[in-house]
Amino acid sequence: MVHSGKCCDIKNELRGKVVWVTGASSGIGEELTYQLAKIGALLAISARREDELERVKKKCLEISSLSEKDILVLRLDLTDRSSHEAATNSVLKHFGKIDVLVNNGGRSQRSLFVDTNLDVYNAIIELNYLGTISLTKYVLNHMIQRKRGKIVTVSSVMGIMGAPLATGYCASKHALQGFFNSLRTELTDYPEISIINICPGPVQSKIIQNVFTENLAKSLENSGDQSHKMPTDRCARLTLVSTANDLKEAWISDHPYLAVCYLWQYAPTWAWWLMNRMGKRRIQNFKSGVDADASYTRKNK
Ligand SMILES: NC(=O)c1ccc[n+]([C@@H]2O[C@H](COP(=O)([O-])OP(=O)(O)OC[C@H]3O[C@@H](n4cnc5c(N)ncnc54)[C@H](O)[C@@H]3O)[C@@H](O)[C@H]2O)c1
């Protein structure tokens, strides 16, 4: 984590703030929404399925002291870029401001490049990269007018390292890293606007059920057991700590992925050597029907 200065309490920092979370209907975004509700943030929650968002809202109202008007359900398709300005205006009309945008919605990939149709690469970039920066553009205009705000983007350790079965996903997350690290340098006149990149390793969520495969029409037959991954609530909690403290980049991961991140950053030759071994295993795991990251040591049954 890159940080200087004193540590802020997430409740003090985020209570009463207007936070817009994309991809709030499942996984990390859903859990972030619950934790934000509990600390008293005002919420705009977005994804494509309104009924799922209503379910999330209902639970927020049960577990927090927020009231009906404190949570705005806003259907949003990140790939429908022509709708992003109106969506931003809807949040502003409801709450009058946006303090924090959490760019969380996205999809991963499980397929080898040699097998994968180029349409899949187009779709991944449209969603994870262009959809994210499109929404950011409208929200940032508002933050620049106010001279304050936080843009939190859920990137990935795959935005730092490379891995087999995820060439398009890694490319989209590297694109986000490059984009937001550059955007930050364009905002030096706005010291109260923070650009925060969150890089989780494997986390329990619906990401594997929802992955892109080698063609757009095909979904993954068997997502495998996900219990070895970081619990969703831990990832969400550390994301909020990073947000409250304006960390420029946070790696939120268990080993061995965290160790690989460090190697990739500081000793890439070793990282490439290690990834050649882990990567082979990743492909074997995937082909044998267990989660690609199920284990890099044990033999598959
Ligand atoms: N779970 C992991 O292991 C992991 C690791 C690193 C990064 N991430 C990132 O975390 C973020 C959240 O993923 P998750 O793990 O919670 O997966 P998930 O599949 O459980 O949730 C993804 C969310 O994105 C939404 N979404 C998908 N396509 C959308 C679209 N076109 N428009 C609007 N919303 C859309 C889904 O509806 C859902 O709410 C993603 O950006 C993902 O890349 C996840």
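Quick caveat, the model's predicted, so the values are computed rather than measured.

Definitions and limits used
- Residues numbered from 1 in each chain as written.
- Predicted model: local features only at pLDDT ≥ 70, side-chain atom pairs only at ≥ 80, totals over all residues.
- Heavy atoms only, no water.
- Helix = DSSP H or I, 4+ residues; strand = E, 2+ residues; numbered from the N terminus.
- Expected span 1.5 Å × (residues − 1).
- Buried < 20%, exposed > 50% of the residue type's maximum accessible area, 1.4 Å probe, protein only.
- Contact = heavy atoms within 4.5 Å.
- Core = buried A, V, L, I, M, F, W, Y, C linked by side-chain atoms within 4.5 Å.
- Near = heavy atom within 4 Å.
- Polar contact = N/O pair within 3.5 Å; in protein donor to acceptor, adjacent residues only side chain to side chain.
- Nonpolar A, V, L, I, M, F, W, Y, C, P; charged D, E, K, R; others polar.
- 1 Å grid on protein atoms, 1.4 Å probe; cavity = no way out; pocket = protein on both sides within 12 Å on 5 of 7 lines; lining within 4 Å.
- Points joined across faces, edges and corners; volume = space filled by probe spheres on them.

Quick look at helix α2 (residues 27-38) now. The first and last C-alpha atoms of α2 sit 17 Å apart over twelve residues, in line with the 16 Å expected at 1.5 Å per residue. Most of α2 sits inside the fold, with eleven of its twelve residues counted as buried. Those residues of α2 that fall on the buried side of the exposure criterion are Gly27, Ile28, Gly29, Glu30, Glu31, Leu32, Thr33, Tyr34, Gln35, Leu36 and Ala37. Where α2 is buried, its residues contact α1 (10-14), β1 (18-22), β2 (42-47), α3 (50-63), β4 (100-103) and α7 (232-244). Once α2 finishes, Gly40 follows within two positions and takes phi at roughly 90°, a positive value.

Val19, Leu36, Leu43, Ile45, Cys60, Val102 and Ile252 are the most contacted members of the largest nonpolar core, which has 37 residues in total. Among the nonpolar cores identified, the runner-up in size contains 30 residues, and Val18, Ala123, Tyr129 and Leu140 belong to it.

Not every one of the 27 residues close to the ligand is listed here, only the nearest: Ser26, Ile28, Asn104, Tyr169 and Ser205. Ser205 places a side-chain nitrogen or oxygen 2.6 Å from an oxygen atom of the ligand. Here an oxygen atom of the ligand and a side-chain polar atom of Asn210 are 2.8 Å apart. Secondary structure elements with two or more residues in the shell around the ligand: α2 and α6 (167-186). Taken together, the residues that form the shell around the ligand break down as eleven nonpolar, twelve polar and four charged.

Right, let's get into empty space enclosed by the protein. Gaps left between atoms are located by rolling a probe of water-molecule size over the structure's atoms. On inspection of all chains with the given rule, the structure shows one cavity of 30 Å³ or more. Looking at the largest cavity, its volume works out to about 50 Å³. In terms of lining, the largest cavity is formed by Leu14, Val19, Leu32, Leu36, Val100, Val102, Val152, Thr239, Leu240 and Thr243. The set of elements that each furnish at least two residues to the lining of the largest cavity consists of α2, β4 and α7. Considering each element in turn, the lining of the largest cavity owes the most residues, three residues, to α7. A breakdown of the residues in the lining of the largest cavity according to their chemical character gives eight nonpolar, two polar and no charged.

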